[in-house]
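Here are the chains, one letter per residue:
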Amino acid sequence: MSAAIKSHLVDLLTQALARVAPQYPASIIALERPKQAAHGDWACNVAMQLARELKRNPRELAQDLIAGLPASSWLEQAELAGPGFINLRLKPAAKLDALSTVHAAGARYGRADAGRGRPILVEFVSANPTGPLHVGHGRQAALGDAISALLEAQGWSVTREFYYNDAGVQIDNLALSVQARAREKGGEAVAFPEAGYHGDYIREIAADYIAQGADPGDLAAVRRFAVAALRREQDDDLKAFGVKFDNYYLESSLYTEGKVEATVRALATSGKTYEQDGALWLRTTDYGDDKDRVMRKSDGSHTYFVPDVAYHVSKWQRGFAHAVNVQGSDHHGTVARVRAGLQALASVSGAGIPRDYPHYVLHKMVTVMKGGEEVKLSKRAGSYVTVRDLIDEVGRDAVRFFLVSRKADTEFVFDIDLAKSQTEDNPVYYVQYAHARICSVLAQWGGNPQALHAAAFAPLTLPRELALAQRLGEFPEMVAEAGREFAPHMVAFYLRELAGEFHSYYNAERILVTDEELKLARLALILAVRQVLNNGLALLGVSAPEKM
C-alpha cells in the first residue's frame, strides 16, 4: 500500500478516535496486514489497546470507532472482527492509486529526501592487501554497495570508502613470503616463513618482481611491490564485481601523518589510560567493554585497535557525523574498543561523538557449495574461495543478488548449482525473468510504452491485478525501511515477491486481449511492474535484462 493510502487510513481512524476518545493521541493508531486476505486489506487493534483504560468492552469500542469513521473515496468497508479488531477493505481505486505514481516518477520511484543531503561515510571491504578478495569480502562488497545505494535513494550524500590495512604484521608476512619465493626462483634454498602466505599468487608476484630485475634482498622494495600488485588485483576484482569507491584510505598514512601518536597522547590526556607491566592501557571498561585493553605494548608497538580509533577520529574530523562500517562478525570485539576510544577522546575534546558512532553492520561468513559438497579452496589463493572464482562461475548478477538475499547477521550458503539454474528456485533468475517477460510482451504489442502513462486503470478489477498494484505501492516504504535498517535483503525479498505475483498473473491472464481499454490498462500495469523491478535491481547493483 502506498504511503498516501496508509496516511489516509490513519487519518480516518484519527478522526474517529477524536470523536470517541479525544484524550488519546493519534500516535497510538497502528495498521497491520491481516494474516488472511479474506479479513481485509489492513487491520487496526486500537480498540483493544484502549479498552482496559476506558473500562469498555473492546468490541463495543471498536464498533463506535467504525461508526465514527468519516466518508472516504478510498475506504470501501470497515468491519468488526474477533475480540475487537477493525478490518479495513479498500476500494479498487485506492489499490490502483500507486500506478499513476509509478508512471509519473519512473526511475525515481522509491526515492525520498530523508537524508536531506547530509554526508554519510560507508566503509566496506577494507581488506588487507595480502591476497585476492575472498567470498567474505564479496559479501561485504555486495552489502556495502547496496547499503550505499539505499542511503543515496533516501537523499544522503554517500561516500564509499575502502580502508587499506597496509601496515602491521600481516604485511610483514606478505613481504617475507614474496621474498622467500623470489629467492627460491633464483635457486636459493630458503626456509619459508612460518606465518607466510602459501597461495600460487605469491609465486606469481615473486616472478613478476624478479622479471623486472629487482633485488629480492631488498625487503622494503619487495613489500612495496607486493602491496601494489595485490591492490591492483583487488581493484580489478572490485571492478569485475561492479563496485566503485570514492576514496581509499591507507592505514600507513595514520602513522606517517602522526595521527596514531596524536590519538595516544589525547587518550593519555583524557585520564582514561594507565601503565601496567610496561604497557599502556585504556580503561575501556568505563565504556561497557568486558576488560581494559592494551594500547601500546611493552615493546613500544601499538595494538591494532589504536589505529582503528585514529581512523575513526579522521572520519569525524572530515565531517562525517554519520558513518557505517560493514565488517565480518569476527570484528565484533572491535566495536566496543573503538567506541570506547572515541568516547574517551570526546570527553576531552568535547567533540560530541555519539556513543553509537560508527554504526556497524556485521555479517556472518559464507559457505560455498557445489555438487552437494562444500568448496573450500581456490586454485590461486590456496586456502579460500575468492570472489573472482564465484563471478567467473555464475556471473556478477547472481553473486551480488545472492550475497544480499539474507540478513547480514545470518550465515549464508552459496549454492553454485542453484545460482546457475534457470528455475523459479533461483531468485535472481526468477526476478530477472519477470523483467524480461514484460519486455517481451511489450515488444509483441509493438506500441509506444510512453503512451501507456496516460492509460486508464479502472478496467483492472481482477484480484491479481489489484494485488500487483498494491505490491507496487509498498515499494517506497520498503526502500525507506531498508535504508533506515541498513538491510538490503529487504529489497531482495520484495523483488522475489513482486516477481512471483507477476508470474502468477501472467500465467493466469492474457495481457494482449481484444478489448482495447483492458489491454492498455494491463500493459500499463505490467509496465509499472517492470519499472519497479528495474528500480529494485538497480539498488542491488544487478542488471535488468530485456531478453533471457
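Higher on the page you've got the structure.
Okay, so let's go over this structure. Small disclaimer: the values here were computed from a predicted structure and weren't measured. (Residues numbered from 1 in each chain as written. Predicted model: local features only at pLDDT ≥ 70, side-chain atom pairs only at ≥ 80, totals over all residues. Heavy atoms only, no water.)

### Section: the nonpolar core
Part 1 of the argument: Within the largest apolar cluster, 96 residues are counted, with the highest numbers of intra-cluster contacts made by Leu-99, Val-125, Phe-401, Phe-414, Leu-472, Leu-495 and Leu-540.
Part 2 of the argument: For this core, the leading source of residues is helix α20 (residues 516-539), giving 12 residues.
Part 3 of the argument: Apart from the residues lying within four places of it in its own chain, the contact partners of Phe-414 are Val-366, Thr-367, Val-368, Met-369, Leu-390, Val-394, Ala-398, Val-399, Phe-402, Leu-403 and Ala-419.
Part 4 of the argument: In this structure, Leu-267, Val-306, Val-335 and Leu-345 belong to the second largest nonpolar core, which totals 28 residues. (Core = buried A, V, L, I, M, F, W, Y, C linked by side-chain atoms within 4.5 Å. Buried < 20%, exposed > 50% of the residue type's maximum accessible area, 1.4 Å probe, protein only. Helix = DSSP H or I, 4+ residues; strand = E, 2+ residues; numbered from the N terminus. Contact = heavy atoms within 4.5 Å.)

### Remarks on the side chain of Asp-292
Part 1 of the argument: Among the structural elements, Asp-292 can be located in the loop between β9 (279-282) and β10 (293-296).
Part 2 of the argument: Buried and unpaired, Asp-292 has no salt bridge, with Arg-283 as the nearest side chain of opposite charge at 4.8 Å.
Part 3 of the argument: At 2.9 Å, the side chain of Asp-292 and the side chain of Tyr-274 are in polar contact.
Part 4 of the argument: Not counting chain neighbours up to four residues away, the residues in contact with Asp-292 comprise Tyr-274, Trp-281, Leu-282, Arg-283, Thr-284 and Thr-285. (Lys, Arg positive; Asp, Glu negative; His and termini not counted. Salt bridge = Lys/Arg side-chain N within 4 Å of Asp/Glu carboxyl O. Polar contact = N/O pair within 3.5 Å; in protein donor to acceptor, adjacent residues only side chain to side chain.)

### Some points on the packing of aromatic side chains
Part 1 of the argument: By the definition in use, this model includes 19 aromatic pairs.
Part 2 of the argument: For the pair Phe-162 and Phe-245, a centre-to-centre distance of 5.4 Å together with 80° between the ring planes defines the contact as edge-to-face. You can see Phe-162 sitting in strand β6 (residues 157-164) and its partner Phe-245 sitting in the loop between α8 (219-240) and β7 (247-250), a full 83 residues away along the chain. Here Phe-162 and Phe-245 have matching classes, each one buried.
Part 3 of the argument: For the ring pair Phe-245 and Tyr-248, a centre distance of 5.8 Å and an interplane angle of 55° mean the geometry is tilted.
Part 4 of the argument: Three or more aromatic residues joined by ring pairs form one cluster here, namely Phe-124, Phe-162, Tyr-164, Phe-245 and Tyr-248. (Phe/Tyr/Trp six-rings, centres within 6.5 Å; stacked < 30°, edge-to-face > 60°.)

### What about the sheet that holds strand β14 (residues 373-375)?
Part 1 of the argument: One open sheet accounts for three strands, arranged β14-β13-β15; its pairing is mixed. The open sheet has two free edges, formed respectively by β14 and β15 (412-415), since each of these has just one partner strand. Strand-to-strand twist of the sheet, defined as the mean angle between neighbouring strand axes without regard to direction, takes the value 45°.
Part 2 of the argument: Bridge analysis of strand β13 (residues 366-370) against β14 gives three bridges, and the strand direction is antiparallel. Its bridge partner lying in β14, Lys-370 is registered against Glu-373. (Pairing = 2+ DSSP bridges. Axes fitted to C-alpha atoms, helices over the stretch in contact; angles between N-to-C directions.)

### Remarks on the packing of helix α16 (residues 427-445) against helix α19 (residues 489-508)
Part 1 of the argument: The geometry of α16 relative to α19 is characterised by a closest axis approach of 9 Å and an angle of 45° between their N-to-C directions. Here α16 is positioned oblique relative to α19, judged by the angle of their axes. For the pair α16 and α19, the crossing hand works out as left-handed. Of the residues in α19, those touching α16 at Pro-427, Tyr-430, Val-431, Tyr-433, Ala-434, Arg-437, Ile-438 and Val-441 are Leu-495, Arg-496, Ala-499, Gly-500, Phe-502, His-503, Tyr-506 and Asn-507.
Part 2 of the argument: The class makeup of the residues in the contact of α16 with α19 is 11 nonpolar, three polar and two charged. (Parallel < 35°, antiparallel > 145°, perpendicular 65-115°, else oblique. Left-handed = near helix turned anticlockwise from the far one by under 90°. Nonpolar A, V, L, I, M, F, W, Y, C, P; charged D, E, K, R; others polar.)

### Things to note about the packing of helix α13 (residues 387-394) against helix α14 (residues 396-403)
Part 1 of the argument: Taken N-terminus to C-terminus, the directions of α13 and α14 make an angle of 120°; their axes are 7 Å apart at the nearest point. Between α13 and α14, the crossing angle belongs to the class labelled oblique. Side by side, α13 and α14 meet where Leu-390, Ile-391 and Val-394 of the first sit next to Arg-396, Ala-398 and Val-399 of the second.
Part 2 of the argument: Looking at the contact of α13 with α14 residue by residue, the classes come out as five nonpolar, no polar and one charged.

### Comments concerning the sheet that holds β10
Part 1 of the argument: Taken in spatial order, the three strands make up an open sheet running β8-β9-β10, and their pairing is antiparallel. Lying at the two open borders of the sheet, with one neighbouring strand each, are β8 (273-276) and β10. Ignoring which end each strand starts from, the neighbouring axes of this sheet average 45° apart.
Part 2 of the argument: For β9 and β10, the ladder comprises three bridges, and the chain directions are antiparallel. Following the sheet pairing, Leu-282 is matched in β10 by Arg-293.

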